[in-house]
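Structural characterization, general
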Amino acid sequence: MANELTLVDEFVIPKKSGRAFKVIRGQVLRVIAPEGPQVADLNAFNLDDYTEHFSASRTRTMEGMYVRERTKLYSNPGHEQVMIRVIRDPIGIHDTLGARCSSRLHKNKFGTEGYVGCHELLAEAITPYGLGANNVHDVLAIFMRREIDEAGNLVTLAPNVRPGDSIDLLAEMDLLVA
């Protein structure tokens, strides 16, 4: 008999916005792409100690370059604990290779002024918890497809997610997620 999940909360995070919320150990966070090709940048902090947070590099070292079903997501060096497990993932690949976008990245790389990136959106979302821009860390880019080409360049591919596709993440500790 399959385990039944109890819905604790449900909300939509509009495009180009962010939100922070608690996910308690044992709860499942389901991230759904309601409109299809889109990406969600995720930050996760230990709810009891914000200095412990998701580490893309530690996760790559322990689990490989891509996040898939059964991947464990680890916290930063000095802590190095499993924070989250991917327990259901029909999509197959999520990114830990690239950096989140930011206003400064867009200005430096593209000359764009006034761009509000994922960095700024995440910073705004965690502000009510006493955190800010300097606490935003590398992300798990859910539904993002990237690869490294033969020349060693990071290449962004179009997301292959369709409307309604989702991924389930099991919290292995109490978390603040943005």
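Quick caveat: nothing in here was measured; it's all calculated off a predicted structure.

Regarding its fold elements, the chain presents three helices and 14 strands. The globule rule puts the C-alpha radius of gyration for 178 residues at 16 Å, and the 16 Å found for the chain is close to it. The principal-axis extent of the C-alpha atoms belonging to the chain is close to 55 × 35 × 35 Å. Looking at the chain as a whole, 40% of its 178 residues qualify as buried. When contacts within the chain are restricted to residue pairs at least 6 apart in sequence, those whose partners lie at least 24 apart make up 67%. Within the structure as shown, the chain displays about 10200 Å² of accessible surface, and the carbon and sulfur contribution to it stands at 49%. Across the chain, the centroid of the 20 positively charged side chains sits 2 Å from that of the 24 negatively charged ones.

One non-glycine residue, K16, lies in positive phi territory at about 55°. When you line up the elements, K16 lands in the segment before β1 (21–23). Given a relative accessible area of 72%, K16 falls into the exposed group. Although it is not a glycine, E80 sits at a positive phi angle of roughly 50°. Inspection of the secondary structure assignment puts E80 in the loop between β7 (72–74) and β8 (82–88).

Time to look at the sheet that holds strand β14 (residues 175–177). Strand order in the open sheet formed by four strands is β1-β14-β4-β5, and the pairing between neighbours is antiparallel. Strands at the two margins of the open sheet, each flanked by one partner only, are β1 and β5 (49–53). For this sheet, the mean inter-axis angle between neighbouring strands, taken without regard to orientation, is 40°. Relative to β14, β1 runs antiparallel, the two being bridged by three bridges. Paired with V23 across the two strands is L175, which belongs to β14.

Reading the values: rules and limits
- Residues numbered from 1 in each chain as written.
- Predicted model: local features only at pLDDT ≥ 70, side-chain atom pairs only at ≥ 80, totals over all residues.
- Heavy atoms only, no water.
- Helix = DSSP H or I, 4+ residues; strand = E, 2+ residues; numbered from the N terminus.
- Rg over C-alpha atoms; globule rule 2.2 N^0.38 Å.
- Buried < 20%, exposed > 50% of the residue type's maximum accessible area, 1.4 Å probe, protein only.
- Contact = heavy atoms within 4.5 Å.
- Areas by Shrake-Rupley, 256 points an atom, 1.4 Å probe, with all protein chains shown as cover.
- Lys, Arg positive; Asp, Glu negative; His and termini not counted.
- Charge placed at Lys NZ, Arg CZ, Asp CG, Glu CD.
- Pairing = 2+ DSSP bridges.
- Axes fitted to C-alpha atoms, helices over the stretch in contact; angles between N-to-C directions.

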